[in-house]
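# Descriptive analysis of the structure
Single-letter residue listing:
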Amino acid sequence: MMQGKKILLGVTGSIAAYKSLLLVRLLVKEGAEVKVIITPSAKDFVTPLSLATLSKHPVLSDLFEENTWANHVELGRWADLMLIAPLSCNTLAKMAQGICDNLLMATYLSATCPVVTAPAMDEDMWKHPSTQANLARIQEYGNRVIQVERGELASGLYGDGRMAEPGTILDYIKTVIGQKQDLVGKRALVTAGPTYEAIDPVRFIGNHSSGKMGIAIAWELARRGAQVDLVLGPSSLTADYQGVSVHKVTSAEEMYNTSLGIFPAVNIAVMSAAVADFRPVTPAGEKIKKKEDKLILELTRTKDILLALGQQKKQQVLVGFALETTGERAYALDKLKTKNADLIVLNSLNDAGAGFGYDTNKVTIFDRQGGETAYERKPKQQVAADIVDRIVNIMYA
Ligand code: CTP
């Protein structure tokens, strides 16, 4: 996968710079060609000689070296991927502002390839509002940020801010390189999983949704460059993935409030959650005892998230799901209209290997132009790729 790929590694001034040596070794071992640019302050943490020896290329640092001009435009165009690891607080701020005061920044500003960063800093610096604002801004520009890890920090304190381990960075790069990068700089909202509606403190009304399909969609959107907010109902699955922020919710009401709060900032919204349509009017404060032979629960409608987003929709691409047992086509077409969606993904419970809990799905996608495409039964990750392809087609039509 990495064989022959050209990686430009930027190393900045952080104690985590020592990990860049291991990173170069791992990349070279995988068959990648690595060129390193180091900032002046990074030289206090790691030597250019070690990096040059491991990368088998001279390490570059200055815009002008030995009376020659280091061609940053050429370097930026040479690379298949630029990786800045560790990314210091200072270089992060420069990236957010577009400050061009060294070779690394000049190359970054002229790079046309995907740029991946792995920040490293002390927890207080990491949590500072200016750092968080800068991180948000560089992601808006289309750069990827690998989450920092929690652990012992250079200050001796314990907390967030450690640079991701070289193995984690390598795994991430492999998902970016060679992938379609058609959603860089875009934001997406995905709902997934079931919702639980409380009957009393120990019981609820729920459904069989596992969340697999929605999580696969969130991952596919992130792999292609989008920043994703995944609003996830009670699912036992792990949804963590670079580029995906997970918001855990329990009830339809919580899913509604969280989703509506995020929606105005996104370009894409995919409602794949199996949201309960009804909830108990008044959940009992204490556990209900079995005193009577019958128990009548009064239910009321939950708020329809997809419908509400359809009413608020501006330029966003909105995708809804339909899971039916009868009259599938008519219901799907009706949902397209009533919910003001751009696409409705229909999965029928009558199809083998489709629906709740399976690793595969078989869908038909309906669009606003009256188009109807039936797809083969496939692993959910591939179904997710088909759905995202359709979203991208609408976005760039
Ligand atoms: N949906 C939602 N909020 C709800 C209910 C459903 O966002 N409270 C979304 C689902 O995530 C899915 C789509 O709406 O994308 C399903 O449409 P819906 O009309 O609710 O489907 P059913 O519940 O199957 O509809 P019906 O009551 O017509 O059977």
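In short, a report on the structure.

## Remarks on the pattern of salt bridges
Two side chains of opposite charge can pair, provided their charged atoms sit close to one another. Taken as a whole and assessed by the stated rule, the structure comprises 20 salt bridges. We note a salt bridge from R224 to D389, for which the minimum N-O separation is 2.7 Å. Placement of R224 in the loop between α9 (212-223) and β13 (227-232) and of D389 in helix α13 (residues 380-395) is noted, with a sequence separation of 165 residues between them. Judged by relative accessible area, which is 2%, R224 ranks as buried. Residue D389 is classed as partly exposed on the basis of its relative accessible area of 25%. Residues D304 and K339 are paired through a salt bridge, measuring 2.6 Å at the closest nitrogen-oxygen approach.

## Observations concerning the layout of surface pockets
Considered as a void within the structure, the largest pocket measures approximately 970 Å³ in volume. Taken together, 38 residues make up the lining of the largest pocket; nearest its centre are A273, A274, V275, F321 and L323. Mapped onto the lining of the largest pocket, the elements with two or more residues apiece are α9, α11 (305-312), β18 (317-324) and α12 (328-338). In terms of residues, the lining of the largest pocket owes the most to one element, β18, which gives four residues. Considered class by class, the residues forming the lining of the largest pocket number 15 nonpolar, 14 polar and nine charged.

## Let's talk about the environment of T168
Structurally, T168 can be placed in helix α8 (residues 166-176). Counting along the chain gives 22 residues from T168 to I146, while the straight-line C-alpha distance between them is 8.9 Å.

## Focus: the pairing of strand β8 (residues 149-152)
Two strands pair when backbone bridges link them, and β8 and strand β9 (residues 158-162) are joined in this way by four bridges, in the antiparallel orientation. Bridge pairing in β9 links R150 to D160. Connecting the antiparallel pair β8 and β9 is a turn made up of five residues, with G156 showing a positive phi of about 95°.

## Topic: the site of the ligand
Every one of the 14 residues lining the ligand counts as a neighbour, but M271, A273, D277, F321 and K339 are closest to it. Contacts to the ligand include K303, whose backbone N or O atom sits 2.9 Å from a nitrogen atom. I305 is positioned with one of its backbone polar atoms (N or O) 2.9 Å from a nitrogen atom of the ligand. Across the complex, the protein chains shield 75% of the 580 Å² of accessible surface that the ligand would expose by itself. Within the residue set of the shell around the ligand, elements represented by two or more residues are α11 and β18. With three residues, β18 is the single largest residue contributor to the shell around the ligand. Residues that form the shell around the ligand fall into these classes: seven nonpolar, two polar and five charged.

Thresholds applied
Residues numbered from 1 in each chain as written. Predicted model: local features only at pLDDT ≥ 70, side-chain atom pairs only at ≥ 80, totals over all residues. Heavy atoms only, no water. Salt bridge = Lys/Arg side-chain N within 4 Å of Asp/Glu carboxyl O. Helix = DSSP H or I, 4+ residues; strand = E, 2+ residues; numbered from the N terminus. Buried < 20%, exposed > 50% of the residue type's maximum accessible area, 1.4 Å probe, protein only. 1 Å grid on protein atoms, 1.4 Å probe; cavity = no way out; pocket = protein on both sides within 12 Å on 5 of 7 lines; lining within 4 Å. Points joined across faces, edges and corners; volume = space filled by probe spheres on them. Nonpolar A, V, L, I, M, F, W, Y, C, P; charged D, E, K, R; others polar. Pairing = 2+ DSSP bridges. Near = heavy atom within 4 Å. Polar contact = N/O pair within 3.5 Å; in protein donor to acceptor, adjacent residues only side chain to side chain. Areas by Shrake-Rupley, 256 points an atom, 1.4 Å probe, with all protein chains shown as cover.

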